Amino acid sequence: MSHSTDIGQHPDIMQMRARYEEAAANPTAQLTDGLTLLAGIYLAVSPWIVGFRTLPNITVNNLITGILVALLALGYSSAYGRTYGLAWVAPVIGVWTIIAPWVISGPNARLGVIISNVVVGAIILLLGLANMSTGMTAAKRRTPPPRFGSETTHTR
């Protein structure tokens with residue numbers, strides 16, 4: 001008797017991937033992924049939209065973190081079963097985006113930079129938490145809860 005050595009074909013792995021694909025196909029998850037992508041794109045180009053491209057440190061920060069958020073959103077929407085383990089990254093980037101103007105620019109942070117980063121950071125944080133809940137919901141479905149009365153009890 002020969003056994004396949006490909007773990008990707010194991011029934012448990014296949015079932016788990018199917019559950020994550022089902023979770024990612026949910027319209028709410030798709031909306032969350034799309035809005036996360038847009039928030040990441042906005043964060044990346046915000047120095048040119050809001051007009052603080054002359055501040056190199058915060059400009060580079062927003063560009064890099066915005067591209068990272070957009071790439072995460074693309075990963076979530078195209079291969080959630082393989083990227084669900086990174087779902088915690090978006091909320092962390094959201095928090096960083098909120099505090100970045102003060103950390104990077106200190107007391108010289110401009111009001112436009114602060115407002116832009118706080119609003120888009122809060123949006124990324126909330127969308128990231130929503131994305132995490134999608135993954136936790138799919139993970140909960142992996143192990144069904146025991147049904148009351150499904151087990152037989154024996155008394156002696």
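Let me begin by describing the structure that accompanies this report. As the structure is a computational prediction, the values presented were derived from the model and not from experiment. Once a new chain begins, its residue numbering starts again from 1 and follows that chain's sequence as written. Totals for whole chains, interfaces and linings use all residues, but because this is a predicted model, local features are given only for residues with pLDDT of at least 70 and pairs of side-chain atoms are given and counted only at 80 or more. Excluding hydrogens and water, the side-chain values take into account all heavy atoms of the structure.

1. So, helix α4 (residues 89-105)
Helix numbering and strand numbering both begin at the N terminus, where a helix is a DSSP run of H or I of at least 4 residues and a strand a DSSP run of E of at least 2. A helix is expected to span 1.5 Å for every residue after the first. The end-to-end C-alpha distance of α4, which contains 17 residues, comes to 23 Å, matching closely the 24 Å that a straight helix rising 1.5 Å per residue would cover. To get the bend at a residue, fit one axis to the 7 residues ending there and another to the 7 starting there, then take the angle between the axes. Isoleucine 99 marks the point of greatest bend in α4, at about 55°, and the proline proline 101 comes within the next four residues. Exposure is judged per residue with a 1.4 Å probe applied to protein chains only, and the accessible area is read against the type maximum: over 50% gives exposed, under 20% gives buried, and values in between give partly exposed. Buried within α4 are the following residues: Val89, Ala90, Pro91, Ile93, Gly94, Thr97, Ala100 and Pro101. Where α4 terminates, the next one or two residues include glycine 106, which has phi positive at roughly 65°.

2. A short note on the side chain of threonine 97
Mapped onto the elements, threonine 97 comes out in helix α4. Looking at threonine 97, the relative accessible area reads 0%, which means it is buried. In this description, contact between two residues means that some pair of their heavy atoms is separated by no more than 4.5 Å. Contact partners of threonine 97, with chain neighbours within four places excluded, come to Leu43, Asn117, Val120 and Gly121.

3. Structural notes on the nonpolar core
To define a nonpolar core, start from buried Ala, Val, Leu, Ile, Met, Phe, Trp, Tyr and Cys residues and group those joined through side-chain atoms within 4.5 Å. The biggest cluster of nonpolar side chains holds eleven residues, and these are Ala39, Leu43, Val69, Leu72, Tyr76, Ala87, Val89, Ala90, Ile93, Val120 and Ile124. Taken together, the elements giving at least two residues each to this core come down to α2 (27-51), α3 (56-83), α4 and α5 (111-142). The residues touching alanine 39, leaving out its near neighbours within four places in the chain, are Val120, Ile123 and Ile124.

4. Looking at the side chain of asparagine 117
Locating asparagine 117 in the fold gives a position in helix α5. Residue classification places asparagine 117 among the buried positions, given a relative accessible area of 0%. Of the polar contacts made by the side chain of asparagine 117, one reaches the side chain of asparagine 62; its length is 2.9 Å. Setting aside anything within four residues of it in sequence, one finds asparagine 117 in contact with Leu43, Phe52, Ile58, Asn62, Thr97, Ile98, Ala100 and Pro101. Polar contacts, as used here, are pairs of N or O atoms within 3.5 Å; protein pairs need one atom able to donate a hydrogen and one able to accept it. Residues neighboring in sequence count only if both atoms are side-chain atoms.

5. Overview of the environment of threonine 36
Tracing the sequence through the fold places threonine 36 in helix α2. C-alpha separation for the pair threonine 36 and alanine 73, spaced 37 residues apart in sequence, amounts to 5.8 Å. When near neighbours in sequence (up to four residues on either side) are disregarded, threonine 36 contacts Val69, Ala73 and Leu127. Of the polar contacts made by the side chain of threonine 36, one reaches the backbone oxygen of threonine 32; its length is 2.7 Å.

6. Section: a nonpolar patch on the surface
Patch membership needs two things, relative accessible area over 30% and no salt bridge, and members are linked within 9 Å if like-charged or within 5 Å if nonpolar (Val, Leu, Ile, Met, Phe, Trp, Tyr). Per-residue and other accessible areas were derived by the Shrake-Rupley procedure at a 1.4 Å probe size, with only the shown protein chains allowed to occlude residues. Criterion for a salt bridge: a side-chain nitrogen of Lys or Arg within 4 Å of a carboxyl oxygen of Asp or Glu. Taken together, the side chains of Leu31, Leu35, Leu38, Ile41, Val45, Trp48, Ile49, Val50, Leu63, Ile67, Leu71 and Leu74 present a nonpolar region at the surface, about 1,100 Å² in accessible area. Taken together, the elements giving at least two residues each to the nonpolar patch come down to α2 and α3. Counting residues per element, the nonpolar patch draws most heavily on α2, which supplies eight residues. Topologically, leucine 35 is positioned in helix α2.

Shape is all these values report; function is a separate question.
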